[in-house]
Amino acid sequence: MAIPDDVREYVEKNIKLMISQTETYLPFIKIAFPYSQNLADGVYNLIIGSALSVFVNQYAMRMKYPSAEDFAEFGKLVFKYRDQIDKFFK
């Protein structure tokens, strides 16, 4: 079973919004967390954690559960944003 297109679209819009907000707050993030070893990992984890919540909630609203295949597809979907987040911190 593939992730429904509307769920995929909703998750991606959420990720793109969070990335946009990260770009806006980047100067603050770098100043506020000067001793963090890898801010990119932290930011990526926060964004993907939020996206996972959106993903699961979209299924819950449909009274369904995502399958293991859906979660695997989610992982592939969100991984494509990893490099974009890394670039903020290089």
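Residues numbered from 1 in each chain as written. Predicted model: local features only at pLDDT ≥ 70, side-chain atom pairs only at ≥ 80, totals over all residues. Heavy atoms only, no water.

Before going further, it helps to examine the pattern of salt bridges. Overall, the coordinates contain six salt bridges when judged by the stated rule. Across the pair arginine 62 and aspartate 6 runs a salt bridge, and its minimum N-O distance is 2.2 Å. Of this pair, arginine 62 sits in the loop between α2 (39-61) and α3 (68-79) while aspartate 6 sits in helix α1 (residues 5-32), placing them 56 residues apart in sequence. Classification of aspartate 6 by relative accessible area gives partly exposed; the value is 43%. Connected through salt bridges with shared partners, the residues Asp41, Arg82 and Asp86 form a single ionic network. (Salt bridge = Lys/Arg side-chain N within 4 Å of Asp/Glu carboxyl O. Helix = DSSP H or I, 4+ residues; strand = E, 2+ residues; numbered from the N terminus. Buried < 20%, exposed > 50% of the residue type's maximum accessible area, 1.4 Å probe, protein only.)

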